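# Fold and geometry: a report
Here is how the chains run, residue by residue.
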Amino acid sequence: MSRSIDYGNLMHRAMRGLIQQVLEGVAADGLPGAHHFFITFDTTHPEAELADWLRDRYPLEMTVVMQHWYDDLQVTDAGFGVTLNFGDSPERLFVPFDALRTFVDPSVEFGLRFETQDSGEDEEDDADITELPIPPDAEAQPETAQDETEDATDRAEGKDAEIVSLDSFRK
């Protein structure tokens, strides 16, 4: 039995579970109202699936937009698959939940950032979860995934962040 409760890992899994629930609802009923998502993920993750030309263009991470055009959203316990339009070229992606770096819904000023710490220990168990600030003018965003190449955190500058750090709970 462990000598302490691993709150960081528990929070990490809970936030990914929240994103899974949101995407399951969107898969079943579509995006409600003005909701849309900017999702940044690690393209080097071994279970991430994307076209070779996309992997070449985004060798470390990629931000995709789910807003006006997306198709065949399928959500599993491991991640989600979706077809997105990249300059009139539909491409299928599979994004493991463990590969997520940010998830932002600017329509309701909600965002999460997952950061893996390089500590030499089990990196998968060490994650910071930060709530991202969303600027009020975030509605003027690109309509296709190809147009969206900046990190969601770059767009979120200009508003004070409300940060949730789990470091104080770690030994």
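Up top you'll find the structure we're talking about.
So, here is what we can say about the structure in this document. (Residues numbered from 1 in each chain as written. Predicted model: local features only at pLDDT ≥ 70, side-chain atom pairs only at ≥ 80, totals over all residues. Heavy atoms only, no water.)

Here the focus is the sheet that holds strand E5 (residues 90–96). Overall, antiparallel pairing links the three strands, which are arranged E3-E4-E5 in an open sheet. Bordering the open sheet on either side are strand E3 (70–75) and E5, each of which pairs with just one other strand. Neighbour to neighbour, the strand axes of the sheet diverge by 15° on average, direction disregarded. As paired strands, E3 and strand E4 (residues 79–85) are joined by four bridges and run antiparallel to one another. Paired with aspartate 71 across the strands is threonine 83, a residue of E4. Contacts from helix H1 (residues 7–29) reach E3 and E4 within the one sheet, and its direction differs from that of E3 by about 130°. (Pairing = 2+ DSSP bridges. Helix = DSSP H or I, 4+ residues; strand = E, 2+ residues; numbered from the N terminus. Axes fitted to C-alpha atoms, helices over the stretch in contact; angles between N-to-C directions. Contact = heavy atoms within 4.5 Å.)

The next point concerns H1. Over its 23 residues, H1 extends 33 Å from the first C-alpha to the last, a length consistent with the 33 Å expected when each residue adds 1.5 Å. Turning to H1, its buried residues number three or more, namely Gly8, Asn9, His12, Met15, Arg16, Ile19, Gln20, Leu23 and Val26. Once H1 finishes, glycine 30 follows within two positions and takes phi at roughly 85°, a positive value. (Expected span 1.5 Å × (residues − 1). Buried < 20%, exposed > 50% of the residue type's maximum accessible area, 1.4 Å probe, protein only.)

Counted by the stated rule, this structure contains three aromatic pairs. Between phenylalanine 37 and phenylalanine 103, the ring centres sit 4.9 Å apart and the planes meet at 35°, which makes this aromatic pair tilted. In this pair, phenylalanine 37 is assigned in strand E1 (residues 37–42) and phenylalanine 103 in strand E6 (residues 100–105), connecting sequence segments 66 residues apart. We classify phenylalanine 37 as buried; its relative accessible area is 3%. With a centroid separation of 6.1 Å and an interplanar angle of 90°, the aromatic rings of tryptophan 53 and phenylalanine 86 are classed as edge-to-face. Of this pair, tryptophan 53 sits in helix H2 (residues 52–57) while phenylalanine 86 sits in the loop between E4 and E5, placing them 33 residues apart in sequence. Taking relative accessible area as the criterion, phenylalanine 86 reaches 3% and is therefore assigned buried. The aromatic ring of phenylalanine 114 is capped on one face by arginine 16, whose charged end is 4.0 Å from the ring centroid. (Phe/Tyr/Trp six-rings, centres within 6.5 Å; stacked < 30°, edge-to-face > 60°. Lys NZ or Arg CZ within 6 Å of the ring centre and 35° of its normal.)

Let us now look at the pattern of salt bridges. Using the criterion set out here, one finds four salt bridges in the structure. Residue aspartate 98 is joined to arginine 16 by a salt bridge in which the shortest nitrogen-to-oxygen separation is 3.9 Å. With aspartate 98 in the loop between E5 and E6 and arginine 16 in helix H1, this residue pair connects regions lying 82 residues apart in the sequence. Of the residues examined, aspartate 98 reaches a relative accessible area of 43% and is grouped as partly exposed. Aspartate 72 is paired through a salt bridge with arginine 92; the nearest N and O atoms lie 3.5 Å apart. Linking aspartate 72 in strand E3 with arginine 92 in strand E5, this pair joins segments that are 20 residues apart in sequence. Among the residues examined, aspartate 72 registers a relative accessible area of 38% and is labelled partly exposed. On the basis of relative accessibility, which here comes to 33%, the residue arginine 92 falls in the partly exposed class. (Salt bridge = Lys/Arg side-chain N within 4 Å of Asp/Glu carboxyl O.)

Another aspect to go through is unusual backbone geometry. Backbone geometry at aspartate 72 places phi at a positive 55°, although glycine is not the residue there. Even without being a glycine, aspartate 88 presents a positive backbone phi close to 65°. Residue position: aspartate 88 is located in the loop between E4 and E5.

With 30 residues, the main nonpolar core has Met62 and Phe80 as its most contacted residues. Only H1, E1, strand E2 (61–66), E3, E4, E5, E6 and strand E7 (110–116) provide two or more residues apiece to this core. Residue contributions to this core peak at four residues, all from H1. Beyond its immediate stretch of four places on either side in the chain, methionine 62 contacts Ile39, Thr40, Phe41, Thr43, Leu50, Leu54, Phe86 and Leu93. (Core = buried A, V, L, I, M, F, W, Y, C linked by side-chain atoms within 4.5 Å.)

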